[in-house]
Structure formats: C-alpha cells, structure tokens
Amino acid sequence: MNTTTERQVPGTALKGQYFPVLTGVRAIAAYMVFLSHDNPFNSVGPKSLFHDGLFHFFSALSIGVSVFFVLSGFLITVRYEQNIELSWKWARRYLQNRVARIYPMYFLVTIATLIGTIINAGYDPSRLWKFYNLKDKFLVVFLNLTFLRGFFDRYRFTMAGQGWSLTVEECFYLSAPFLLLGLRRNRWRLVFYPVMLFGIGILLVAVGSNFPGQLLGFFGSVKFMLDWTFFGRCLEFLAGMGMALYLRKYPVQEKKGGLITVLGIIWMALCMGAICFFERNTPYATAVWHMDNYSSFLVRNAILPGGIVLFLWGLLHEQNWMRRILETPLFDLLGKSSYSFYLIHVGVLDFLLNDYITHNILGKFIIINLVAILLYRFVEHPMHLLLRVQPKLSLNSD
C-alpha cells in the first residue's frame, strides 16, 4: 500500500492524496464506539441523575460510526469521482478493491465467532444461537457471510454484531459510482439524493412491515430503517461526498489555528447532548445498542453530519496541536488497525478477556489494541495487498 504523505493543498490534487490526519481520526472513531459498548457507567443497582447522565453520554459515543460513514463518503469521492468508467472492467476492479479492503478480516472474525459460539454458547454475542434449529443456523451463517444480515431486524446482531455497519458500507460502495456519475452532470443532485434514498427506504419498510414473519424482519420498521440501513443513514455518506466535491472546486490554503476544528467538536458535543436528552428515559439495555426516539434519529442522521464535516474540514486546513497528534506515527498505526479493532472489540475476544484476564476497561482497551495491530500487520494488510487490483494511484485511507 502506498504510504506517500505529500503535502498537496487540499482541492488541487485530491485524487491519490493520503490524509494522515484522517487516518488518526479513524482511531478516535473506533475508540468512541468501544466506549459506547464497554460503557463504564453501565452498572447494576441504584442510579443517580449524574450517573444516568454519564451513562447516556458514553452511549452517545456510538456516533463514532457516523464519523466512519462521513469519512467513507469523503474518501470514496476523492478516490473515484474523476475516474469512473461505464465498463465491466472498471466495475470489477472497483468491486474487487472494495471487497479486498473489507471482507477478509470480516470473514475471519465471523468464522472465529462461529467457532467460539459452537464451543461455548455463552460466547455468542447475540445470545440466540442456542435457540436456533439447524436451518436457522445455516441461515444466520449465510446472512452474515454475505453482508445481508443488516437488512433483517431479526438478524442484525447475530454473530459479530458490530458487523451490521458493513452492510451499510457495502450499500454505499455499490451505489457510490451511480451517485457520482449523476453528480458529474449536476452537483445539485446531491440535495435530491437524500430524498430519493429515504423514499426507497420507506417503500422497503412498507413491504417488509406488512410481512414480518415471511420476510424475517426485512426492513421491519421505520426505526429499523433509520437506525441500521444505508437508506436511513445516507446523509452521513452524502455529507462526506459533498465535502470532497467542495474541496475539489474551492481549495483552501492551510493556516495556523483551530477555530473550525473546535466549532466542529462543539457541534458534535451539542448533538450528543441532544441525543442524551431525548434518550434519557430509554432503558439501559436498549440504550447501549441503539436509540429509541425519532428526535434522536433527526439529530444523529441529519444534523450531526454537519458537525463532523466541520471537524474534518478544520483538521485538514488548520495546523494545531490536535492535528499534530493525529498525524504522529503512533496514531497512523492505530488508525490503520482501527478496522480490526472495531471488528474484535465486541465478541469472542471480549468474552475471553472478561473470563480469564480482566474486566478492567483500560486493560481490555490496551489488549484489544495490541491484538488489532498484530492482525493488521500480519493478516489484514497482507490480505488487502494480495487481493486488491494494484492501482496507478493509491489512497492509503480508502
């Protein structure tokens, strides 16, 4: 993988450019998701108002997934917007590179989860495997290995539960070339796309919600669509796409300072606060994994992406201490291994750590990071190099 870090002015030569600071952001996003799942305030017993507030704050750190989605929209647009071709050769190369980036580690983690679950049903993150008959078990494995489980409310958390987001990513990867081709003719279509995609989601819900048993929870409700599917969360990707298109047309010189970066952080923090307020009465067991109020969906899916774009914009254009930290070799490595970290932070490894090593969140965080780095060095990165089509220009953060 090309690790060139030449300092081009954003917007002048975006294609092929590597953004070290965005690799560091990937690590921060993964750690936010980790803290939302290993919530240090998810304890039993009486809860004070202060304790409740902290619990919901850490649960709201799941917006790290939104950061990943915005980054995906930005980086896919930077890499492919100017070289899309309407040919089978281009499509095969594009899809092969996307699969090479995502699938090998996901496949290995899914198989490891399956083996661990068969050996000990207590290691099943969904706690449902022991209730399935043989047909259901084959179906669960098939839906997981094909990324299809993210379309079904009943199966979204089976096996490696956090992998639901990869169904969303794959939907974006499949639709991105068509979206970008449309934007070549008219940039204003970016405003129309959310309406179109949301409309498709509503139509799918209209079908799925009327046949919940027959379709196994396929697009079973509007809340499911808003929380777990590309059609409900398309604005996060489209915000990243819009940012990339704007940078290409209106390059901005780098400058010292941090005002835009800080404003982006404040925007995101306010969105987290709003989500905490709207979810204040959501039961603990529910709030750890998803939201329950339409107001929260509005904040996260439609308002939060603006803050993330502002934050990323600031990091790309402002020289400040946060950027310097995120561009260090340490954060570069942590960012590159963040995908492995994300895939293994919940599941068999977490169960093993709890059973045999430690329940301490800091201890688990360090161990999972070390394992993720090893997986990146000796599994994820070599498999990516082996399976991808070698491009003329490479974007390290794709």
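Scroll up for the structure.
Figured I'd write up the structure that's included with this text. (Residues numbered from 1 in each chain as written. Predicted model: local features only at pLDDT ≥ 70, side-chain atom pairs only at ≥ 80, totals over all residues. Heavy atoms only, no water.)

1. A short note on the nonpolar core
Link 1 in the chain: Residues L22, F74 and L312 are the most contacted members of the largest nonpolar core, which totals 106 residues.
Link 2 in the chain: In this structure, L22 is in contact with L71, F74, L75, L312 and L316, ignoring residues within four places of it in sequence. (Core = buried A, V, L, I, M, F, W, Y, C linked by side-chain atoms within 4.5 Å. Buried < 20%, exposed > 50% of the residue type's maximum accessible area, 1.4 Å probe, protein only. Contact = heavy atoms within 4.5 Å.)

2. Observations concerning the pattern of salt bridges
Link 1 in the chain: Applying the stated criterion to the full structure yields 12 salt bridges.
Link 2 in the chain: The partner of R156 in a salt bridge is D153, with the nearest N and O atoms 1.9 Å apart.
Link 3 in the chain: Judged by relative accessible area, R156 falls into the buried class, the value being 11%.
Link 4 in the chain: A relative accessible area of 28% means that D153 is categorised as partly exposed.
Link 5 in the chain: Across the pair K364 and D350 runs a salt bridge whose closest N-O atoms are separated by 3.0 Å. With a gap of 14 residues between them, K364 in helix 17 (residues 361–387) and D350 in helix 16 (residues 348–357) connect regions that are remote in the sequence.
Link 6 in the chain: Judged by relative accessible area, D350 falls into the buried class, the value being 11%.
Link 7 in the chain: Residues participating in the shared-partner salt-bridge network are D38, D350 and K364. (Salt bridge = Lys/Arg side-chain N within 4 Å of Asp/Glu carboxyl O. Helix = DSSP H or I, 4+ residues; strand = E, 2+ residues; numbered from the N terminus.)

3. Comments concerning empty space enclosed by the protein
Link 1 in the chain: With the rule as written, the count across this model stands at 4 cavities of 30 Å³ or more.
Link 2 in the chain: Of the pockets and cavities examined, the largest cavity occupies roughly 340 Å³.
Link 3 in the chain: Forming the boundary of the largest cavity are 20 residues, of which F68, S72, E169, Y173 and Y339 lie nearest the centre.
Link 4 in the chain: Of all the secondary-structure elements, those providing two or more residues to the lining of the largest cavity are helix 3 (64–80), helix 4 (88–119), helix 6 (164–185) and helix 15 (338–344).
Link 5 in the chain: With 7 residues, the top contributor of residues to the lining of the largest cavity is helix 3. (1 Å grid on protein atoms, 1.4 Å probe; cavity = no way out; pocket = protein on both sides within 12 Å on 5 of 7 lines; lining within 4 Å. Points joined across faces, edges and corners; volume = space filled by probe spheres on them.)

4. Some details on a nonpolar patch on the surface
Link 1 in the chain: Nonpolar side chains collect at one region of the surface, where L259, V262, L263, I266 and L270 lie side by side and expose about 480 Å² of accessible area between them.
Link 2 in the chain: Turning to its location among the elements, L259 is positioned in helix 10 (residues 259–278). (Patch = residues over 30% accessible without salt bridge, like charges linked within 9 Å, V, L, I, M, F, W, Y side chains within 5 Å. Areas by Shrake-Rupley, 256 points an atom, 1.4 Å probe, with all protein chains shown as cover.)

5. Here's the deal with the packing of aromatic side chains
Link 1 in the chain: Scanning the model with the defined rule gives 37 aromatic pairs in all.
Link 2 in the chain: On the numbers, 6.1 Å between centres and 85° between planes, the contact of F219 with F224 is edge-to-face.
Link 3 in the chain: For F219, a relative accessible area of 1% translates into the label buried.
Link 4 in the chain: Here F224 falls in the buried class, since its relative accessible area comes to 2%.
Link 5 in the chain: When the centroid spacing of 6.2 Å and the interplanar angle of 70° are considered together, the rings of Y294 and F297 count as edge-to-face. Of this pair, Y294 and F297 both sit in helix 12 (residues 294–317), 3 residues apart, which is roughly one turn of the helix.
Link 6 in the chain: Here R98 stacks its cationic end above the ring of Y173, 5.1 Å away from the centre of that ring. (Phe/Tyr/Trp six-rings, centres within 6.5 Å; stacked < 30°, edge-to-face > 60°. Lys NZ or Arg CZ within 6 Å of the ring centre and 35° of its normal.)

6. Points about the side chain of D227
Link 1 in the chain: On the secondary structure map, D227 appears in helix 8 (residues 222–228).
Link 2 in the chain: Among the polar contacts made by the side chain of D227, one reaches the side chain of R300 at a distance of 2.9 Å.
Link 3 in the chain: When residues no more than four places from it in sequence are discounted, the contact partners of D227 are W164, R233, H290, M291, F297 and R300. (Polar contact = N/O pair within 3.5 Å; in protein donor to acceptor, adjacent residues only side chain to side chain.)

7. Quick word on the layout of surface pockets
Over the atoms rolls a probe the size of a water molecule, and in doing so it shows where empty space is left.
Link 1 in the chain: Reported here for the second largest pocket is a volume of approximately 360 Å³.
Link 2 in the chain: Around the second largest pocket sit R187, W188, L190, V191, G242, M243, L245, Y246, K249, Y250, V309 and W313, which together line it.
Link 3 in the chain: Looking at the lining of the second largest pocket, the elements with two or more residues in it are helix 7 (189–208), helix 9 (230–249) and helix 12.
Link 4 in the chain: Among the elements that take part in the lining of the second largest pocket, helix 9 stands out by supplying 5 residues, more than any other.

8. Brief notes about the environment of L316
Link 1 in the chain: Looking at where L316 falls in the secondary structure, it is placed in helix 12.
Link 2 in the chain: A relative accessible area of 4% means that L316 is categorised as buried.
Link 3 in the chain: Between the alpha carbons of L316 and Q253 there is a distance of 9.7 Å; along the sequence they are 63 residues apart.

9. Quick notes on unusual backbone geometry
Link 1 in the chain: In this structure, M159 is a non-glycine residue whose phi angle is positive, near 55°.
Link 2 in the chain: Overall, the relative accessible area of 1% leaves M159 in the buried class.
Link 3 in the chain: Look at F219: it is not a glycine, yet its phi comes out positive at around 45°.
Link 4 in the chain: You can see F219 is positioned in the loop between helix 7 and helix 8.

10. Quick notes on the packing of helix 7 against helix 9
Link 1 in the chain: Between helix 7 and helix 9, whose axes approach to 8 Å, the crossing angle comes to 165°. As far as their axial angle goes, helix 9 and helix 7 are roughly antiparallel. In the crossing of helix 7 with helix 9, the sense of the turn from one axis to the other is right-handed. Where helix 7 abuts helix 9, its residues L190, Y193, P194, L197, F198, I200, G201 and L204 lie against F230, F231, C234, L235, L238, M241 and G242.
Link 2 in the chain: Considered class by class, the residues forming the contact of helix 7 with helix 9 number 13 nonpolar, 2 polar and no charged. (Axes fitted to C-alpha atoms, helices over the stretch in contact; angles between N-to-C directions. Parallel < 35°, antiparallel > 145°, perpendicular 65-115°, else oblique. Left-handed = near helix turned anticlockwise from the far one by under 90°. Nonpolar A, V, L, I, M, F, W, Y, C, P; charged D, E, K, R; others polar.)

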